[in-house]
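# Reading the structure
These are the residues of each chain, in order.
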Amino acid sequence: MSTTTPAVPFPAATITGYPRIGRRRELKQALEAYWAGRSTREELEAAAGELQLATYRRLVELGLGAQDASLPAAFPLYDQVLDTTVALGAVPSRFADLAGADGRLDLDGSFVLARGDAGRAPLELTKWFDTNYHYLVPEIGPGTPFTASAGRLVADVRRAAENGFTVRPVLVGPVSFLLLAKADDDAPAGFDPLQRLADLLPVYAQLLGELAAAGAPWVQLEEPALVADQDVPAARLAAAVQEAYPALTAVPGRPRLLVTTSYGSPGALLRPLARSGVEAVHLDLVKGAAPAPAELALFAGEGAPVLVAGAVDGRNVWRADLAGRLGELEDLARAGARVAVASSTSLFHVPHDVAEETRLHPLLRSWLAFADQKVGEIVTLARGLAAGRGAVADRLAEAAAARRSREDAPGVRDAAVRERAASLTSAEIGRAPAAVRRAAQEGRSFTASGPLPPLPTTTIGSFPQTAEVRAARARHRAGALPDAEYEGFLREEIERVVRLQEELGLDVLVHGEPERNDMVQYFAEHLDGFATTVHGWVQSYGSRCTRPSILWGDVSREGPGLRGEAFTVPWIGHAQSLTDRPVKGMLTGPVTILAWSFVRDDQPLEQTARQVALALRDEVADLEAAGIGIIQVDEPALRELLPLRRADQQAYLGWSVDAFRLATSGVRDETQIHTHLCYSEFGEVVGAIDGLDADVTSIEAARSRMEVLTDLEAAGFSRGIGPGVWDIHSPRVPGQEEIEQLLERALEHVPARTLWVNPDCGLKTRGYEETKASLEHLVAAARTARERVAQPAGPALIVQHGSRP
Ligand SMILES: Nc1nc2c(c(=O)[nH]1)N[C@@H](CNc1ccc(C(=O)N[C@@H](CCC(=O)N[C@@H](CCC(=O)N[C@@H](CCC(=O)O)C(=O)O)C(=O)O)C(=O)O)cc1)CN2
Ligand code: MET
Ligand SMILES: [Zn+2]
């Protein structure tokens, strides 16, 4: 190997990435100010550059080396996959006009890919492995140009160097980049982006050369797609790894290479990777299995890569069992591997610093490690590995004591909750057959307004969360708005939303969810066993963040007794009291509550899911008792937690579907249960959607022009279905005719008797102007479609039950 930079050995301690949004969400503010025209590009760049330096300083303070390439330079302004797209000059054909004469995109061009513009939809956002982060999907066709564009990467390396830091630039690796991409619209059938690997490698080679020349001794290439089963056959994946990495390691003058494999185990792909000549390979030892002896042998002997052991969990917030982890690292070293210590994934999945959370109970706080604390754990493990346990004995003892105090702390185990969960009978998770329920529901007047018309119209739950609503909540939280006034404000907001829906002529109303800051956090705030944070923001996509709640103990509703008190009934019941039309109750489902929280790691997820489901079952029962006849339980994250390996998927779908059914099956036949899943790739989970046994399911479908209905039809799905007819992810108002066409398409796959008319998802991120216009069109289109299906011309489409005039 020949490198132009001095040979810096791999550092003993490192992280694969760090939160980039900023301790006070400085990046979010800088981005949103720039997008809104409130600041200049120079101001944005200055804020982002300052954030990089502040991060390096902090990491060095926490024990990482300033000049040993242990600091990852991974600071995407919007998304790391987008940054790699830009670095490769892989400009999708529909954005070709944005590239300069040299084929490169500047920052504003990259924001158009991320956010779209007047005439163009942005790149698709898709979940990043089994996390709540969303990346921008590259669009690759046979003719997509590739042009090395190292400008930002090089500038980051130089800025760091000028301030005394030798950093490690990060790119998505070539195989994962293509696996994460989709074929662009111009690609012929059968094209898959991996076919472009050979064209891409020279561009990576050039980027590596430029980074070495800028002074980067190491570059990190991320290959997380190697840990997930792909549509591409395994042999082709192995061939891709065998083609890519030997080619990159042959590049003259390149930096040393670390390849990371977070979120699971690379399995059989580890061998070609470790034998490719790269100097370091990272393994996720938290989600993935410990290497088997034959795998370990790949790291022993001269010329073998360093084993970068991802021993500290990068995606959950519990303090590590340091002594246990150190034992595992010692085993690896004893087997002959050269071991460095790292996080299992980038730390951007966890908040910055638990020390900021002064409102958390001190005992709970002592159990937690956010990003900064995790860096400390990694440094401790590396020291223990190098200098022996004695050198870190105090730290090991502290960590052990914290874990022990979790075991018997009050609330971690609640005998009554456990007894209730253990004594569940199978009768409790099933309802009468769907056909029986349908008969009971079809004849029913849900309220005084009479039976529902065919093709009933509804929305997914939230109405626009206006600045006014958010400001009222912020004032309430700060103590400036008393409880009674805040509640009064919310009740008025609900009334406004109910009246608006009546005027628009919607059939099934919602209360609009103004009381919810977030569809999971609000539930966590009303359930025992959860804690919430003040500063614990984690990026979900772009500048959007969530504050995942911490599920630390046994779960039941807050309030006296095992069943506690209803917390959605006051809002939804208020909405129902205002109108003759049915108001749909609105709850977040058990799997989604788990997926979007940090969940205890001391018992199987399945067991935790059952407790959450029981608490929701109580809420469902109280809604029914309060006269709510239609109850929706959202499970947008059902697909998200699906294991990355097919072999693990059935078990997951089994318990997750059971949790939903447990939450929803305590009601009478005539109570209609809805669910909502806001995505459109159903291939893998179509059976599970049927298994949920909801009477009506709303899904995203507008952007894919109802394609998803073919999957459901093929699977023999016969329950109520509401394929979204309005893409709420953009401010664009769909025309009435366009919605009519979508409904016509839907009716080719779905009998009129089971079709519902609704948007793709909730409206909380939309403004009122486009909301009103779009819903007017939606209601008008449904009326037209209704007339059409009621005409005797199409006998198959005749609707059985009564229709409202
Ligand atoms: N948990 C979760 N995950 C999810 C989704 C979701 O809805 N929830 N949806 C999907 C897409 N992901 C998304 C994630 C975040 C947002 C989003 O809009 N986040 C908001 C924050 C939402 C929130 O919690 N708002 C709080 C306000 C928090 C806040 O910023 N407060 C200010 C002050 C408030 C003010 O004066 O306006 C502060 O604390 O500094 C509230 O309404 O109460 C943001 O980043 O801007 C949207 C979609 C998938 N994953
Ligand atoms: C991310 S799914 C959102 C469902 C929720 N009921 C809403 O309308 O906002
Ligand atoms: Zn949704």
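Residues numbered from 1 in each chain as written. Chains lettered and ligands numbered in written order. Predicted model: local features only at pLDDT ≥ 70, side-chain atom pairs only at ≥ 80, totals over all residues.

- Going by what an unreviewed UniProt entry lists, the chain is known as 5-methyltetrahydropteroyltriglutamate--homocysteine S-methyltransferase and is assigned to Kocuria sediminis.
- Check the Function (unreviewed entry) section of the UniProt entry for the chain; it says "Catalyzes the transfer of a methyl group from 5-methyltetrahydrofolate to homocysteine resulting in methionine formation."
- Recorded in UniProt for the chain, the comment headed Pathway (unreviewed entry) runs: "Amino-acid biosynthesis; L-methionine biosynthesis via de novo pathway; L-methionine from L-homocysteine (MetE route): step 1/1." (UniProt positions renumbered as here; feature names shortened; annotations may be inferred.)

## So, the overall build of the chain
- Along its length, the chain carries 27 helices and 21 strands.
- Computed over its C-alpha atoms, the radius of gyration of the chain comes to 27 Å, within 12% of the 28 Å expected for a compact globule of 805 residues.
- With the principal axes as the frame, the chain shows a C-alpha extent of 80 × 60 × 50 Å. (Helix = DSSP H or I, 4+ residues; strand = E, 2+ residues; numbered from the N terminus. Rg over C-alpha atoms; globule rule 2.2 N^0.38 Å.)

## Digging into the sheet that holds strand 17 (residues 597-599)
- Ordered by their spatial adjacency, three strands build an open sheet running 12-15-17, and the pairing between neighbours is mixed. Here the strands that pair on one side only, and so sit at the sheet edges, are strand 12 (527-531) and strand 17. Neighbour to neighbour, the strand axes of the sheet diverge by 40 degrees on average, direction disregarded.
- Where helix 22 (residues 605-625) meets the sheet, its contacts fall on strand 12, strand 15 (549-557) and strand 17, and the angle it forms with strand 15 comes to roughly 55 degrees. (Pairing = 2+ DSSP bridges. Axes fitted to C-alpha atoms, helices over the stretch in contact; angles between N-to-C directions. Contact = placed C-beta atoms within 7 Å.)

## Description of the site of ligand 2
- Neighbouring residues of ligand 2: Ile460, Gly461, Ser462, Met519, Met586, Asp634, Pro636, His676, Cys678, Cys761, Gly762 and Lys764.
- Across the shell around ligand 2, the residue classes break down as six nonpolar, four polar and two charged. (Near = placed C-beta within 6 Å. Nonpolar A, V, L, I, M, F, W, Y, C, P; charged D, E, K, R; others polar.)

## Remarks on the UniProt feature "binding site: L-homocysteine" (unreviewed entry) in the chain
- According to UniProt, the positions carrying the feature "binding site: L-homocysteine" (unreviewed entry) are Ile460, Gly461, Ser462 and Asp634. Of the residues just listed, which span 175 residues, no C-alpha pair is farther apart than 11.7 Å, and they cluster in one region.
- Here Ser462 lies in the loop between helix 16 (434-442) and helix 17 (467-477).
- The class of Ser462 is buried, set by 22 C-beta atoms lying within 10 Å.
- A residue is classified by how many C-beta atoms lie within 10 Å of it, and Asp634, with 25 of them, is buried. (Buried ≥ 20, exposed ≤ 12 C-beta atoms within 10 Å, placed from the backbone.)

## What to know about the nonpolar core
- Ranked by size, the top nonpolar core spans 229 residues in total, and within it Leu307, Val308, Ala309, Ala340, Val341 and Ile378 carry the most contacts.
- Counting residues per element, this core draws most heavily on helix 22, at eight residues.
- Two domains each provide a minimum of three residues to this core, namely domain 1 (26-407) and domain 2 (438-790).
- If near-sequence neighbours (up to four positions away) are discounted, Val308 is found in contact with Phe10, Leu258, Ala280, Val281, His282, Ala340 and Ala342. (Core = buried A, V, L, I, M, F, W, Y, C linked by C-beta atoms within 7 Å. Domains from an automatic or database assignment.)

## Re the sheet that holds strand 16 (residues 584-588)
- Pairing within the open sheet is parallel, and its five strands lie in the order 16-18-19-20-21. Every other strand in the sheet has two partners, leaving strand 16 and strand 21 (720-723) as the edge strands with one partner each. Each strand of the sheet is rotated relative to its neighbour by a mean of 20 degrees, with strand direction disregarded.

## Some thoughts on the site of ligand 1
- Arg470, Ala474, Asn517, Ser540 and Thr546 are the nearest of the 16 residues found near ligand 1.
- Every element with two or more residues in the shell around ligand 1 is listed here: helix 17 and strand 14 (544-546).
- The greatest single-element share of the shell around ligand 1, amounting to four residues, is contributed by helix 17.
- Looking at side-chain class alone, the shell around ligand 1 contains six nonpolar, six polar and four charged residues.

## Observations regarding unusual backbone geometry
- Despite not being glycine, Leu455 has its phi angle at roughly 45 degrees, a positive value.
- Mapped onto the fold, Leu455 is located in the loop between helix 16 and helix 17.
- Residue classification places Leu455 among the buried positions, given that 27 C-beta atoms sit within 10 Å.

## Some thoughts on the UniProt feature "binding site: 5-methyltetrahydropteroyltri-L-glutamate" (unreviewed entry) in the chain
- Residues annotated in UniProt with the feature "binding site: 5-methyltetrahydropteroyltri-L-glutamate" (unreviewed entry) correspond here to Lys28, Asn132, Arg544, Cys545 and Trp596.
- Counting through the fold element by element, Lys28 comes out in helix 1 (residues 26-35).
- In contact with Lys28, not counting residues within four places along its chain, are Ile21, Ser543 and Cys545.
- Here Arg544 lies in strand 14.

## Some remarks on helix 20 (residues 569-577)
- For helix 20, the full list of buried residues reads Trp571, Ile572, Ala575 and Gln576. The arc that holds the buried residues of helix 20, viewed along the axis, is 130 degrees, so those residues lie on one side.
- Next to the buried residues of helix 20 lie helix 18 (483-504), strand 16 and helix 22. (Arc of directions from axis to C-beta.)

## What to know about the domain arrangement of the chain
- What the domain assignment reports for the chain is domain 1 (26-407) and domain 2 (438-790).
- Its C-alpha centre places domain 1 at a distance of 34 Å from the equivalent point of domain 2.
- Contacts between the two partners involve 33 residues from domain 1, matched on the other side by 28 residues from domain 2.
- If you list the elements that add at least two residues to the side of domain 1 that touches domain 2, you get helix 1 and strand 2 (125-127).
- The dominant element in the side of domain 1 that touches domain 2, judged by the number of residues it contributes, is helix 1, at three residues.
- When its residues are assigned to classes, the side of domain 1 that touches domain 2 shows 17 nonpolar, six polar and ten charged.

## Digging into the packing of helix 26 (residues 736-749) against helix 27 (residues 768-790)
- Where helix 26 meets helix 27, the closest approach of the two axes is 8 Å, and the angle between their N-to-C directions is 45 degrees. Here helix 26 lies oblique to helix 27, going by the angle between them. Pair helix 26 / helix 27 crosses with right-handed handedness. Facing Gln736, Ile739, Glu740, Leu743 and Leu747 of helix 26, the residues of helix 27 in contact are His777, Leu778, Ala780, Ala781, Thr784, Ala785 and Val789.
- Taken together, the residues of the contact of helix 26 with helix 27 break down into eight nonpolar, three polar and one charged. (Parallel < 35°, antiparallel > 145°, perpendicular 65-115°, else oblique. Left-handed = near helix turned anticlockwise from the far one by under 90°.)

## Observations concerning the packing of helix 15 (residues 415-422) against helix 22
- At a minimum axis separation of 10 Å, helix 15 and helix 22 run at an interaxial angle of 95 degrees. On the basis of the axis angle, helix 15 is roughly perpendicular to helix 22. Residues Val417, Arg420 and Ala421 of helix 15 form the contact with helix 22, whose own contacting residues are Arg610, Gln611 and Leu614.
- Class assignment for the residues of the contact of helix 15 with helix 22 results in three nonpolar, one polar and two charged.

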